[in-house]
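One-letter residues, chain by chain:
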Amino acid sequence: MGGLYAGATMADVLIVEDDEPIRTALTRSLRDHGHIVTSFATGMTALPAIVERRPDVVLLDLGLPDVDGASILSMVRSVSTVPVIVATARDDESEIVRLLELGADDYVIKPFTAAQMNARIRAVLRRAGAVEGEEPIITVGGLTLDVRSREVVLDGVLLELTRKEFDLLMVLARRVGEVVTKKDLLAEVWQMAWGGSDRTVDVHLSWLRRKLGETAKAPKYLHSVRGVGVRLVEPTVA
Ligand code: CA
């Protein structure tokens, strides 16, 4: 994905959309933007292709004839960390929060334009890939994050983090020592500039803490600052 900033953003895009006119128009338009596009009309035909083809990004319509889009999203997340942009007809905050919590990377409200979708694709790819010139390995104490492979090693042991847990840790690690507000975390990890719930951050933080072998009460790396946010620091030697 080194070409992202050269203006030629090319991605392998997999579309799941049952509405034939939308699918055709979107496919054509994304190809015009230089993407490689594969499309499927049902969730169950798309799922194996997502696993086998390993696209750079998946555009998932939530209103599919065979399986509920949220179920497809969960199934995709159980086998893949591919970025997923969901297209929903419902401009409903609780529904959008639910989708983001299920692991969607971004969303568009129908009807959307191809230009909007292309911008979302670029943004998602930029977040998924290592930004050029950025330090690919971040080390904080016994913790090492590889931004490109998305691997996290703690004291020599590879951790199994979900996509959101990794993103959360990476945002904190890039700003090591700094208190990052929950509002900033919602914006950077969940792309929610407004309306996000602190609870989303709290839940993921608690999962992350468990994997790092610490608790809010006995922190090592992740220190909450009440009413402000959270800070990642190198643990002090006891
Ligand atoms: Ca549909």
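Residues numbered from 1 in each chain as written. Predicted model: local features only at pLDDT ≥ 70, side-chain atom pairs only at ≥ 80, totals over all residues. Heavy atoms only, no water.

1. Let's talk about the pairing of strand 12 (residues 229-232)
And step 1. Here strand 10 (residues 179-181) pairs with strand 12 via three bridges, running antiparallel. Residue pairing for strand 12: Val 179 is matched across the bridge by Arg 231.
And step 2. Here four bridges tie strand 11 (residues 222-225) to strand 12, and the two strands are oriented antiparallel to one another. From the neighbouring strand, Ser 224 faces strand 12, where its bridge partner is Val 230.
And step 3. Here strand 11 folds back onto strand 12 in antiparallel fashion, the turn holding three residues, of which Gly 227 has a positive phi close to 75°. (Pairing = 2+ DSSP bridges. Helix = DSSP H or I, 4+ residues; strand = E, 2+ residues; numbered from the N terminus.)

2. Examining the coordination of the calcium ion
Between any two of four tetrahedral donors, the ideal angle at the metal is 109.5 degrees; between two of six octahedral donors, it is 90 or 180 degrees.
And step 1. The calcium ion binds to the protein through Asp 18 (OD), Asp 61 (OD) and Gly 63 (O), with metal-donor distances spanning 2.2 to 2.3 Å.
And step 2. Here the donor residues for the calcium ion map to a single chain with the spacing D-x42-D-x1-G. You can see Asp 18 sitting in the loop between strand 1 (12-16) and helix 1 (20-32) and its partner Asp 61 sitting in strand 3 (residues 57-61), a full 43 residues away along the chain.
And step 3. The class of Asp 61 is buried, set by a relative accessible area of 5%. (Donors = N, O, S within 2.8 Å, 3.2 Å for Na, K, Ca; no water. Buried < 20%, exposed > 50% of the residue type's maximum accessible area, 1.4 Å probe, protein only.)

3. Let's talk about unusual backbone geometry
And step 1. With an omega of -5°, the peptide bond between Lys 110 and Pro 111 qualifies as cis.
And step 2. Checked against the element boundaries, Pro 111 lands in the loop between strand 5 (106-109) and helix 5 (114-128).
And step 3. One non-glycine residue with positive phi stands out, namely Arg 54, at about 45°.
And step 4. When you line up the elements, Arg 54 lands in the loop between helix 2 (43-53) and strand 3.
And step 5. Backbone geometry at Asp 155 places phi at a positive 50°, although glycine is not the residue there.
And step 6. Here Asp 155 shows up in the loop between strand 8 (151-154) and strand 9 (157-159).
And step 7. Look at Asp 155 and you get exposed, because its relative accessible area is 59%.

4. Side note on helix 3 (residues 69-79)
And step 1. When we look at burial in helix 3, the residues that qualify are Gly 69, Ala 70, Ile 72, Leu 73, Val 76 and Arg 77. Seen along its axis, helix 3 keeps its buried residues to an arc of 155°; they face one direction. The exposed residues of helix 3 that point more than 90 degrees off its buried face are Ser 78 and Val 79.
And step 2. Contact partners of the buried residues in helix 3: helix 2, strand 3, strand 4 (84-88), helix 4 (93-101) and helix 6 (163-174). (Arc of directions from axis to C-beta. Contact = heavy atoms within 4.5 Å.)

5. Digging into the sheet that holds strand 7 (residues 143-146)
And step 1. A sheet is described by the order of its strands in space; here four strands give the open sequence 6-7-8-9, paired in antiparallel fashion. Both outer strands of the open sheet, strand 6 (137-140) and strand 9, are each paired with one neighbouring strand and no more. When the angles between neighbouring strand axes are averaged without regard to direction, this sheet yields 25°.
And step 2. Where strand 8 lies against strand 9, three bridges are found, and the strand directions are antiparallel. What sits directly across from Val 152, in strand 9, is Leu 159.
And step 3. Relative to strand 7, helix 6 is tilted by about 110°, and along the sheet it contacts strand 6, strand 7 and strand 8. (Axes fitted to C-alpha atoms, helices over the stretch in contact; angles between N-to-C directions.)

6. Topic: empty space enclosed by the protein
And step 1. With the rule as written, the count across this model stands at one cavity of 30 Å³ or more.
And step 2. Taken as a whole, the largest cavity spans an internal volume of roughly 40 Å³.
And step 3. Forming the boundary of the largest cavity are Ile 15, Val 16, Glu 17, Leu 26, Leu 59, Leu 60, Asp 61, Ala 87, Phe 112 and Met 117.
And step 4. When residues of the lining of the largest cavity are traced back to their parent elements, those giving at least two are strand 1 and strand 3.
And step 5. Sorting elements by how many residues they give to the lining of the largest cavity places strand 3 first, with three residues. (1 Å grid on protein atoms, 1.4 Å probe; cavity = no way out; pocket = protein on both sides within 12 Å on 5 of 7 lines; lining within 4 Å. Points joined across faces, edges and corners; volume = space filled by probe spheres on them.)

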